[in-house]
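Observations on the three-dimensional arrangement
As a plain string of letters, each chain reads:
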Amino acid sequence: WQCVYVFWSVISPQLRSVSVDLNHDASLLIDIPDALCERDKVKFTVHTKTTLSSFQKPDFSVPRQHEDFIWLHDTLVETEDYAGLIIPPAPPKPDFDSPREKMHKLGEGEATMTKEEYTKMKQELEAEYLAVFKKTVQVHEIFLQRLSSHPVLSKDRNFQIFLEYDQDLSVRRKNAKEMFGGFFKNMVKSADEVLISGVKEVDDFFEQEKTFLLDYYSKIKDSTAKAEKMTRAHKNIADDYIHISATLNSLAADDMTANKKCTTWLLEGRVASDQDLKLTELLRYYMRDIQAAKDLLYRRARALADYENSNKALDKARLKSKDIPQAEEHQRQCLQKFDKLSESGKKELTSFKGRRVVAFRKNFIEMAELEIKHAKNSVTLLQGCIELLKSN
Amino acid sequence: MLLVTKKFHNKSEFEFMKLFAARNDSFLSADANVELSTDKSGSSARKEPSGPRHASSFTPSPAAMQPTSLEQVQATAEPNPLKTCENLSTNCVMFLSSLGDGMNAYVAYKVSTRTSLPMFRSKVFSVRRRFSDFLGLYEKLSVKQSLHGCIIPPPPEKSVVGMTKVKVGMDDPSSVEFVERRRAALERYLQRVVSHPSLLQDPDVREFLEREDLPRAVNTQALSGAGFLKMINKASDAVNKMTIKMNESDTWFEDKFQEVENEEQQLRKLHVVVDSLVNHRKELCGNTAVFAKSLAMLGNSEDNTALSRALSQLAEVEDKMEQLHQEQAASDFFIFAELLGDYIRLLGAVRGCFDQRMRAWQRWQEAQSTLQKKREAEAKLLWANKPDKLQQAKEEITEWEARVTQYERDFDRIGMTVRKEVLRFEKEKAKDFKSQIIKYLEAMLQSQQRLIKFWEAFLPEAKAIA
């Protein structure tokens, strides 16, 4: 449990469908070929292959922790220049609580179950642990790949540091100002939630987008939560099957049909985790992505509010005949910022729409195909089992 | 185990009674039997959904069930294909009688028998019985037959809570499920009784099946469920407290008893897990239904038309999955869990007959020691020279010698019966488990095949997203 190496390229295609069009540009290719889990911390190996001259080497790797990813995400969000972009959502913290708790319970209940049952349960738990591990590696990888495939973000200086800097990033991370800034940003954002409903929208496109995204976000958040519940229930059933097959095995030691049944039922566990990867992850990912899109709208709304305030300030200045050039300059800047945000925002949101539809499509197809494949396997197994029983 | 199909009518009780009476007349052959029960849906085997509800669900799902009034429940059963007994098949049909009201109301079960045995008055007949009648039958049988070392199948559990709800007239799905569960359990109980060659010959059994009006059984509180098990365990304790320990010339009995105990333990464990499985699956049902709705809402919000359509379709697929899960839960319960419950009780009954044998041995031993005492008393009297008392003593000795012989013979006979019974039981058990597990797997198989169809129908929708 302490150290687990993962070479996960085998299953990495699964989550790729969550976000498509990544890692096609050979000028900057990023992947996470392996990761190490030590106690609570996961250490990712971030590997970069590039033809860009801005990097010192064409091929290199660095170790990174989850907190480093968060730092990178937050610095990008705080960068004014990127206010008009959808910043890819930060990868969630690796969460091993569920399998760890189960393992703990298993250890406590070891005395009450047979050796075989215990071994099977342990195997299942290890598989679950591995699945969580793979998932977290994937979301971190996708985050980086979203950045590398973005025309503007891929050129970010901090991104380059993240990829290249071969020392510990923790010094940069612990920058108190940034941490405080992040906190402040979140505080203001919730106030802005009210703002966004209040600001008069000038552009039809953004008005529609706002309505759509607000509604869609609440719906997808709901669906994500319900999907997670469904997957959990599936997992419980899979666990029950393990107990059943173990008890059946001890009841009928010479009955090989028990073993066959066991395999059938273990399929249920795998269906659960596939469904989890496909549907739940898809929903979860796009929930976060839509939040990122909403963030863009907030920033634009703030810029609009700033612009309107600057107008008011200019009017006041003109009235008082004081500081008019400054007010004019401020107003000009606000308008410029707002226009820039609107222009880039429109582009980003349009491409986001397209990206989302493509990802859903790919995911749904793969999910349906997997369900069919597993069900067909089940059918074959069950038929064989029934044949065997009937012929005895 | 008999396959069950269910149908619900939307008729008033009176009309239902009329309908029932009409059907009663036409209750002539097995074919007619099956026809009546399955109405539109044809055979009682599982089929694709026709109309709003899948015809052969074991339990109705709350959503699609039309009238859920218990008065309108009718169930019939197919003859048991695994019956080896001489052409006797017993079917158990249930309906709610209007007899009594409120807390005095009770459910009457229609027991229909089809037979070719000459000892019965007719070939096809049915009677009405209530739950306490079944318990009464068990009591009569166990008093008589267990002395011979027979394994008497135990009846299903009494349940005050379940029956109260039913009596109060609650029409909710759990009450319906409860009544159906009981009906199926009673049916299995009867099937086991009539497939036992010795029990079938018992006049009480015949009376139970044939007689129009059965006198009310009393003292049934002690029986069924916890009461039954307590009885068995008390007997076991009595045996264990025996001061004279049996010296087995043949280890078969000891070994077998140990086997039975182990098996019972394992089945209990399994039952607990299967119960958990049933609950989790019901939970999954709920979660899936909720998720399907949420997904449908999401589909409505989606502005891309093709994706919106696909989301709605996916929501429908999930809805269908929920139905599959529900049927699977019913299958888990009615096929698997109930099977385990039955055999836990049956193994208790097996233990019971081992105890009977022990008690027979004990009786024999006690008689022997009494005989010994009598002989010693005779010797004393001889020495004391009391001729009249001596005569009495000699008579007593003769009496007790006869008893000892009798009890020894009884003990041997019981031993043989127990052996035979256990072997028969094991064969029946293996058959029963096998057929039930096949049924369970077949249900699962059908479920998976339907699942494939659902997803295959969805796939083009997903591909159509643009």
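Residues numbered from 1 in each chain as written. Chains lettered and ligands numbered in written order. Predicted model: local features only at pLDDT ≥ 70, side-chain atom pairs only at ≥ 80, totals over all residues. Heavy atoms only, no water.

Quick notes on the domain arrangement of chain B
Residues and elements named next belong to chain B. Domains assigned within chain B are domain 1 (1-47 + 61-226) and domain 2 (250-466). The interface of domain 1 with domain 2 comprises 29 residues on the first partner and 31 residues on the second. When domain 1 packs against domain 2, close to 2,600 Å² is buried across both sides, 51% of that on carbon and sulfur atoms. At the junction of domain 1 with domain 2, the criterion picks out 5 salt bridges. The partner of Asp342 in a salt bridge is Arg188, with the nearest N and O atoms 2.4 Å apart. Inspection of the region where domain 1 meets domain 2 yields 8 residue pairs in polar contact (both at pLDDT 80 or more). A total of 6 residues in the side of domain 1 that touches domain 2 trace back to one element, the largest contributor, which is helix H5 (residues 173-194). Its residues placed into classes, the side of domain 1 that touches domain 2 shows 15 nonpolar, 7 polar and 7 charged. (Domains from an automatic or database assignment. Contact = heavy atoms within 4.5 Å. Buried area = accessible area lost by both parts, 1.4 Å probe. Salt bridge = Lys/Arg side-chain N within 4 Å of Asp/Glu carboxyl O. Polar contact = N/O pair within 3.5 Å; in protein donor to acceptor, adjacent residues only side chain to side chain. Helix = DSSP H or I, 4+ residues; strand = E, 2+ residues; numbered from the N terminus. Nonpolar A, V, L, I, M, F, W, Y, C, P; charged D, E, K, R; others polar.)

Examining the domain arrangement of chain A
Residues and elements named next belong to chain A. You can read the domains of chain A as domain 1 (23-184) and domain 2 (185-391). Every contact between the two is made by 32 residues of domain 1 and, on the other side, 33 residues of domain 2. Across the domain 1 to domain 2 interface the summed buried area is about 2,900 Å²; carbon plus sulfur atoms make up 55%. Counting the contacts that link domain 1 with domain 2 gives 4 salt bridges. One salt bridge in this structure joins Asp239 and Lys102, with 3.3 Å as the shortest N-O distance. Linking domain 1 with domain 2 are 10 residue pairs in polar contact (both at pLDDT 80 or more), by the criterion used here.

Focus on the interface of chain B and chain A
Every contact between the two is made by 53 residues of chain B and, on the other side, 55 residues of chain A. Between chain B and chain A the total buried area reaches about 4,900 Å² when both faces are included, carbon and sulfur atoms providing 73% of it. Connecting chain B to chain A are 5 salt bridges. Put simply, B:Asp303 and A:Arg356 hold a salt bridge, and the shortest N to O gap is 3.7 Å. Applying the counting rule to chain B against chain A returns 18 residue pairs in polar contact (both at pLDDT 80 or more). When contributions to the side of chain B that touches chain A are tallied by element, the ones reaching two or more residues are helix H9 (252-301), helix H10 (305-384) and helix H11 (387-463) of chain B.

Quick look at unusual backbone geometry
All names here are of chain A. In this structure, Ser321 takes a positive phi of about 55° despite not being glycine. Here Ser321 is to be found in the loop between helix H9 (256-320) and helix H10 (324-391). Here Ser321 falls in the exposed class, since its relative accessible area comes to 59%. You will see that Asp323, though not glycine, has its phi angle at about 55°, which is positive. One can find Asp323 in the loop between H9 and H10. Relative accessible area serves as the criterion here: at 43%, Asp323 is assigned to the partly exposed category. (Buried < 20%, exposed > 50% of the residue type's maximum accessible area, 1.4 Å probe, protein only.)

Here's the deal with the environment of B:Ala349
All names here are of chain B. Examined against the element boundaries, Ala349 turns out to sit in helix H10. With a relative accessible area of 7%, Ala349 lands in the buried category. For Ala349 and Pro153, which are 196 residues apart along the polypeptide, the C-alpha to C-alpha distance reads 6.8 Å.

A word on the environment of B:Ile151
All names here are of chain B. Within the secondary structure, Ile151 is located in the loop between helix H3 (131-145) and helix H4 (160-167). Separated by 271 residues in sequence, Ile151 and Val422 have C-alpha atoms that sit 7.8 Å apart. Residues within four places of Ile151 in sequence aside, it is in contact with His196, Leu199, Ala349, Val350, Cys353, Glu421, Val422 and Phe425.

Comments concerning the packing of H5(B) against H10(B)
All names here are of chain B. In contact at an axis separation of 11 Å, H5 and H10 are set at 50° when each is read in the N-to-C sense. What the angle tells us is that H5 and H10 run oblique. As H5 runs across H10, the sense of the crossing is right-handed. In this structure, H5 uses Glu177, Glu180, Arg181, Ala185, Arg188 and Arg192 to contact H10, whose residues at the interface are Phe333, Phe334, Glu338, Asp342, Tyr343 and Leu346. For the contact of H5 with H10, the per-class residue count stands at 5 nonpolar, no polar and 7 charged. (Axes fitted to C-alpha atoms, helices over the stretch in contact; angles between N-to-C directions. Parallel < 35°, antiparallel > 145°, perpendicular 65-115°, else oblique. Left-handed = near helix turned anticlockwise from the far one by under 90°.)

Quick look at helix H2 (residues 66-78) of chain A
With 13 residues, H2(A) should cover 18 Å at 1.5 Å per step; its first-to-last C-alpha distance of 19 Å lies within 8% of that length. What H2(A) keeps buried is the set A:His66, A:Asp68, A:Phe69, A:Trp71, A:Leu72, A:His73, A:Thr75, A:Leu76 and A:Val77. (Expected span 1.5 Å × (residues − 1).)

Some thoughts on the packing of aromatic side chains
Residues and elements named next belong to chain A. Inspection of every chain in the model, using the stated rule, returns 25 aromatic pairs over all chains. When the centroid spacing of 6.2 Å and the interplanar angle of 35° are considered together, the rings of Phe96 and Phe133 count as tilted. Of the two residues, Phe96 sits in the loop between H2 and helix H3 (97-108) while Phe133 sits in helix H4 (residues 115-148), which places them 37 residues apart along the sequence. As far as the burial class goes, Phe96 and Phe133 line up, both buried. Between Tyr286 and Phe360, the ring centres sit 5.5 Å apart and the planes meet at 55°, which makes this aromatic pair tilted. In this pair, Tyr286 is assigned in helix H9 and Phe360 in helix H10, connecting sequence segments 74 residues apart. (Phe/Tyr/Trp six-rings, centres within 6.5 Å; stacked < 30°, edge-to-face > 60°.)

Examining the pattern of salt bridges
The tally for this structure, following the rule as stated, stands at 48 salt bridges over all chains. Put simply, A:Arg100 and A:Asp97 hold a salt bridge, and the shortest N to O gap is 3.8 Å. On the criterion of helical spacing, the pair formed by A:Arg100 and A:Asp97 is a turn pair, its members being 3 residues apart in helix H3. With its nearest N and O atoms 3.2 Å apart, the salt bridge here joins B:Glu396 to B:Lys374. You can see B:Glu396 sitting in helix H11 and its partner B:Lys374 sitting in helix H10, a full 22 residues away along the chain. Ionic contacts of the salt-bridge type, sharing partners, join the residues B:Arg181, B:Arg188, B:Arg192, B:Glu338, B:Asp342, B:Arg345 and B:Asp432 into one network.

A word on the packing of H3(A) against H4(A)
What describes two packed helices is the angle between their axes and the distance between those same axes. Residue and element names in this part refer to chain A. Put simply, H3 and H4 touch, their axes get as near as 9 Å, and they point 165° apart. Classified by the angle between their axes, H3 and H4 sit roughly antiparallel to one another. Along this stretch, H3 crosses H4, giving a crossing that reads as left-handed. Counted together, Ser98, Pro99, Lys102, Met103 and Leu106 of H3 and Tyr118, Met121, Lys122, Leu125, Glu128, Tyr129 and Val132 of H4 form the full contact between these two elements. In terms of residue class, the contact of H3 with H4 is built from 8 nonpolar, 1 polar and 3 charged.

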